[in-house]
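Coordinates in review
Here is how the chains run, residue by residue.
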Amino acid sequence: MTTSITHWVDGAEYAGTSDLWSDVTNPATGQVSGRVALASEVDAEHVIAAASRAAREWGNTSVARRTQVMFAFRELLNSRKGELAQLITAEHGKVHSDAVGEISRGQEVVEFACGIAHLLKGGHSESASTGVDVHSMLQPLGVVGIISPFNFPAMVPMWFFPVAIAAGNTVVLKPSEKDPSAALWIARLWKEAGLPDGVFNVLQGDKTAVDALLQSPDVAAISFVGSTPIARYVYEEASRAGKRVQALGGAKNHMVVLPDADLDLAADAAVNAGYGSAGERCMAISVLVAVEPIADDLVARIAERTRTLVIGDGRSGQASEADMGPLVTRAHRDKVAGFVESGEAAGAKLVIDGREVQPRGEDAGFWLGPTLFDHVTADMEIYREEIFGPVLSVIRVSTYDEALALVNSNDYGNGTAVFTNDGGAARRFQNEVEVGMVGINVPIPVPVAYYSFGGWKRSLFGDTHAHGTEGVHFFTRTKVVTSRWIDPANRPAGGLELGFPQNV
């Protein structure tokens, strides 16, 4: 039996009119578990129209009421995150504990948005000029579109919609068609929390749905996370349509290990950050830069740890001991395996071959185990391209300066890390590296919710990062009001003055 996964509009499921569907598979078994509706242009217009109708009333709803709904959503999510984690594991493939962790990190943004009353405060200046007061206020944009990727079907949307909704906007979420059920589950939870119909909507689909959001005159802003080519497309198309855009793209994240580092700590971090969630995350460490003379020792420690990892079906109750699950689709598994072949052909040393993995799961699953390359060079395809799989490449360099130059010359600038016990070296690295998020002895430096997430260079199109204060600014627009109230007892003499007003 397969499940039909529909759109969500005006507080209810909506099958749509297109009669087009796409299969959803369980990556651990290779079996089709459901089918998701693919929106037509008519379906997209219907969902966007619902969000547009709800926008004025929700934007005029008191901040106190919006905060109450946000708190209710937070409590429901906290009590039932296990349900959502099961859905994520069944459709994405990540192990259950990783799915719970994803939800918990997303919930941090929900909790941040619960403080929206403080975040929406404007400024006030009394008597900026004689009898003239000036104040500013933050107002919602209206309808905002969120286009999220397959790798974090709960966390990435939660980077955006809590702040957007708390600030008074209505939302149309377009999840990945590879794992669409989480979005529908979240929509039901919002309804249970008391969110008015039409404020949170789900538009399932493919490029037709994406283009509808980018082109609709009723959508004021777009938040996107995905590959760099699509991020560029989203940014250019949405900007051309006059929308506000934040489009977060791909990455090639480096972890620099200096000779004085704790090598056991660095090896643990490399395995965790390289192979967690099967490497399908934009903050994964895919390149380890070993500053000699530590490379031989470090590679040996990483290999030793990697061989202990258990690969299998990560659903709760299926194989709770699994450390890493399958890749999301067969096509993606084959693509990553192709990169492994490319690395071998280019002359990199294949220390551990993930293609030989013996998973604890059904043979039909989309399996590829942790893969470790040594003696990788910057001209190789496995270094240049974002692999988005459990492939860790080790590049050996002689000096700190060489390591820094390698990181800074890369086209991407999402995240990076340095492992060292030298505070001066760490401070120099954080100031000199040309990357948006930096970890010091922290391999995946995803900021807490009250700071903002986002990279530099080809990892970001647009000027605004996700959540934190930048997220609040993205989902609001500032209005400045200048007012003058004349005291009748001191009314100035009349007369016309055609010169430019002066503040006196």
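Scoring rules and cut-offs
Every chain is numbered independently, its residues counted from 1 as its sequence is written. Totals for whole chains, interfaces and linings use every residue, but because this is a predicted model, local features are given only for residues with pLDDT of at least 70 and side-chain atom pairs only at 80 or more, for both listing and counting. With hydrogens and water set aside, each side-chain value is computed from the structure's full complement of heavy atoms. In this analysis, strands are considered paired if DSSP registers two or more bridges between them. Numbered from the N terminus, helices here are DSSP runs of H or I no shorter than four residues, and strands are runs of E no shorter than two. Axes here mean lines fitted to C-alpha atoms, for a helix over just the part in contact, with angles spanning 0 to 180 degrees between N-to-C directions. Think of a 1 Å grid over just the protein atoms. A cavity is a set of points where a 1.4 Å probe fits yet cannot get out, a pocket is an open set with protein on both sides within 12 Å along at least five of seven lines, and lining residues have an atom within 4 Å of a point. Grid points are joined across faces, edges and corners, and a volume is the space filled by probe spheres set on the points. Residue classes follow a fixed rule: Ala, Val, Leu, Ile, Met, Phe, Trp, Tyr, Cys and Pro count as nonpolar, while Asp, Glu, Lys and Arg count as charged, and any other residue, Gly among them, counts as polar. Contacts between residues were defined by any pair of non-hydrogen atoms, one from each residue, lying within 4.5 Å. In this scheme, a residue with accessible area under 20% of its type's maximum is buried, one over 50% is exposed, and one in between is partly exposed, where area comes from a 1.4 Å probe on protein chains only. Salt bridge, as used here: a side-chain nitrogen of Lys or Arg that lies within 4 Å of a carboxyl oxygen of Asp or Glu. Two rings belonging to Phe, Tyr or Trp (six-membered ring only in the last case) form a pair when the distance between their centres is within 6.5 Å. Interplanar angles under 30 degrees mark stacking, angles over 60 mark edge-to-face geometry, and anything in between is tilted.

1. What to know about the sheet that holds strand 6 (residues 124–129)
Sheet architecture is open: three strands sit in the order 6-7-23, paired in antiparallel fashion. The sheet is open, and its two edges are formed by strand 6 and strand 23 (476–484), each paired on a single side. The sheet shows a mean angle of 30 degrees between the axes of neighbouring strands, taken without regard to direction. The pairing of strand 7 (residues 132–140) with strand 23 spans nine bridges and is classified as antiparallel. Bridging from a neighbouring strand, Pro140 pairs with Thr476 of strand 23.

2. So, the layout of surface pockets
Unoccupied space between atoms shows up once a probe the size of one water molecule is rolled over them. As a volume, the largest pocket reaches approximately 1,000 Å³. Along the wall of the largest pocket there are 39 residues; nearest its centre are Phe150, Gly226, Ser227, Thr228 and Ile230. At the level of secondary structure, the elements contributing two or more residues to the lining of the largest pocket comprise helix 7 (207–215), strand 11 (219–225), helix 8 (228–240), helix 11 (330–346) and helix 12 (381–384). Among the residues making up the lining of the largest pocket, the classes are represented as 17 nonpolar, 11 polar and 11 charged.

3. Things to note about empty space enclosed by the protein
Following the criterion strictly, the structure yields four cavities of 30 Å³ or more and no others. For the largest cavity, the calculated volume is near 110 Å³. Along its surface, the largest cavity is lined by 15 residues, and Gly279, Arg281, Ala284, Ser286 and Phe388 are the ones closest to its centre.

4. Some thoughts on the environment of Val287
In this structure, Val287 sits in strand 14 (residues 285–291). Along the sequence, Val287 and Ala267 sit 20 residues apart, while their C-alpha atoms lie 13 Å from each other. Not counting chain neighbours up to four residues away, the residues in contact with Val287 comprise Lys252, Asn253, His254, Met255, Tyr383, Leu392, Ser393 and Ile395.

5. Remarks on the environment of Leu496
If you trace the backbone, Leu496 turns up in the segment after strand 23. Considering only alpha carbons, one finds Leu496 and Tyr412, 84 residues apart in sequence, at a separation of 59 Å.

6. Focus on the sheet that holds strand 15 (residues 349–352)
Spatially, seven strands are ordered 15-16-17-14-13-19-20 in an open sheet, and the strand pairing comes out mixed. Each end of this open sheet is capped by a strand with a single partner; those strands are strand 15 and strand 20 (437–440). Sheet twist, expressed as the mean angle between neighbouring strand axes with direction ignored, is 20 degrees. Pairing of strand 14 with strand 17 (residues 391–397), which is carried by five bridges, proceeds in the parallel orientation. Residue pairing in the sheet places Val289 in a bridge with Ile395 of strand 17. Seen against the sheet, helix 11 touches strand 15, strand 16 (371–374) and strand 17 and runs at an angle of roughly 25 degrees to strand 16. Packing of helix 14 (residues 423–432) onto the sheet brings it into contact with strand 13 (253–257), strand 19 (415–419) and strand 20, and relative to strand 20 it is tilted by some 170 degrees.

7. Here we look at the side chain of Thr170
Considering the arrangement of structural elements, one finds Thr170 in strand 9 (residues 170–174). Residue classification places Thr170 among the buried positions, given a relative accessible area of 0%. Other than its neighbours up to four places away in sequence, Thr170 contacts Ala51, Ala54, Ala55, Trp58, Gly142, Val143, Val144, Gly198 and Val199.

8. What about the pattern of salt bridges?
Tallying each qualifying case throughout the model produces 25 salt bridges. Between Asp264 and Arg305 there is a salt bridge, and its shortest N-O distance comes to 3.0 Å. Taken together, the residues Asp264 in helix 9 (residues 263–275) and Arg305 in helix 10 (residues 295–306) connect sequence positions 41 residues apart. Arg355 serves as the salt-bridge partner of Glu344, at 2.7 Å between the closest nitrogen and oxygen. Here Glu344, found in helix 11, pairs with Arg355, found in the loop between strand 15 and strand 16; they are 11 residues apart in sequence, far enough to count as distant. The network of salt bridges with shared partners includes Asp264, Asp268, Asp297, Arg301 and Arg305.

9. Section: the packing of aromatic side chains
Scanning the model with the defined rule gives 11 aromatic pairs in all. A centroid spacing of 6.0 Å and a plane angle of 70 degrees characterise the contact between Phe161 and Trp190, whose relative ring orientation is edge-to-face. Of the two residues, Phe161 is situated in helix 5 (residues 155–166) and Trp190 in helix 6 (residues 181–193); the sequence distance between them amounts to 29 residues. Its relative accessible area of 1% is what places Trp190 among the buried residues. With a centroid separation of 5.2 Å and 70 degrees between ring planes, the pair formed by Phe161 and Phe200 is classed as edge-to-face.

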